[in-house]
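Here are the chains, one letter per residue:
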Amino acid sequence: MDVRSIQYDSMRLASDQVKGAREAMGMEGTTSLKQSQLEAIQYWVFEATTPNGLFGDEQSIQAMKDAYDIFLDDPGYKDYCLFNYPRNRSLITENTTVECTVPITPLLMYYASYWDPDAVAEVIEELKNPVNVEVLNKVGVCANPLAFCPPQIEETFTFQEKIYAMQFGFKVVNITSTWDMKGDLIDNITQATELASYLVLADAYAGAVDFGFDQSFSVDNPSSQYSRGILFWGGPYSNRNTSGLSEEEAREVKKADDDRLKNYILDNYLEKMDKQSDLNTHATINSYYFMTAIIGD
């Protein structure tokens, strides 16, 4: 399996999406808040070198965390990350505090700021019952009170089944709300991996975990030889109104942002990124990275 080739294809598609989104931003002539628009993404890919997999021991999990800490531990990262603004922009004031958008990675779970083993055990036990999983998959997103549920779908389940799915959803939200990568490595990594293996059974919750585990990961095979994650970088670097700019002027403004981020990455992170991806750095994992901002360098 050529990991780099496969993941580069994914990266190229993501890069095209970023380019399209940013071009749309420049042509719309609207005010963009500081670091509210996707400027670039960074893709980490990890490969286990032992049968334990990437999430089978603390050493491997910490080795993956080292890749993200290159940025998350750097105070300057906040000047370039994609900010997680409130969805309702009307609530934003001068005193609004915004944080960097968290990476997409299973490590959010393993480094949760709070981990309730009893609450997690309860969710796992419910998912061990195939009948419960069937109900959850039948109700699907209709368990979300804010989601539109087509009548033809709602006819396929009972009111009691919907109530159960909603209550289960509240339990999952309570657990995942502290998946923020702000804590120490949780004590019971085996329980976290088991939770992920059961969540993938429920379609509505599989997306919360399956991105970072390989295709063979399951309840019967709770070992993942591969994992991936994404960090998000944001622009512009100050509030900006593009009204009145020509197409060429807008492109020049964006190119300045591109160059600023590229230079910061090359000057502050590239050496550490290369060290992380050196095959001799970690005994139990191999790391690979791709980044839209520095492709071609």
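Only a predicted model underlies this, so the values are computations on that prediction, with no experimental measurement involved.

**As for helix α10 (residues 247-268)**
Given a rise of 1.5 Å per residue, 22 residues ought to cover 32 Å, and the 32 Å separating the end C-alpha atoms of α10 matches this to within 8%. What α10 keeps buried is the set Ala250, Lys254, Asp257, Leu261, Tyr264 and Ile265. One face of α10 carries all of its buried residues, which in axial projection span an arc of 105 degrees.

**Concerning the confidence of the model for the protein chain**
Model confidence for the protein chain is summarised by a mean pLDDT of 88, while 90% of its residues fall at 70 or above. Counting contacts from residues 1-12, a segment whose pLDDT is below 50, to residues more than four positions away or on other chains yields 19 contacts. Note on residues 21-28: pLDDT under 50 across the span, and 15 contacts to partners over four residues away in sequence or across chains.

**A word on unusual backbone geometry**
Among all residues except glycine, the phi angle is most often negative; among peptide bonds, the trans geometry is most common. Along the chain, glycine 235 connects to proline 236 via a cis peptide bond; the corresponding omega equals -10 degrees. Relative to the elements of secondary structure, proline 236 occurs in the loop between β3 (226-235) and β4 (240-241). Non-glycine residue glutamine 35 carries a positive phi angle of around 55 degrees. With respect to the helices and strands, glutamine 35 occurs in the loop between β1 (31-32) and β2 (37-48). Unlike most non-glycine residues, methionine 181 shows phi in positive territory, near 65 degrees. Tracing the sequence through the fold places methionine 181 in the loop between α7 (159-176) and α8 (189-199).

**Details of the side chain of aspartate 257**
Following the sequence through the fold, aspartate 257 ends up in helix α10. Judged by relative accessible area, aspartate 257 falls into the buried class, the value being 6%. Look past the residues within four positions of aspartate 257 in its chain and what remains in contact with it is Glu39, Pro236, Tyr237 and Arg240.

Thresholds, definitions, all that
- Residues numbered from 1 in each chain as written.
- Predicted model: local features only at pLDDT ≥ 70, side-chain atom pairs only at ≥ 80, totals over all residues.
- Heavy atoms only, no water.
- Helix = DSSP H or I, 4+ residues; strand = E, 2+ residues; numbered from the N terminus.
- Expected span 1.5 Å × (residues − 1).
- Buried < 20%, exposed > 50% of the residue type's maximum accessible area, 1.4 Å probe, protein only.
- Arc of directions from axis to C-beta.
- pLDDT = per-residue confidence, 0-100.
- Contact = heavy atoms within 4.5 Å.

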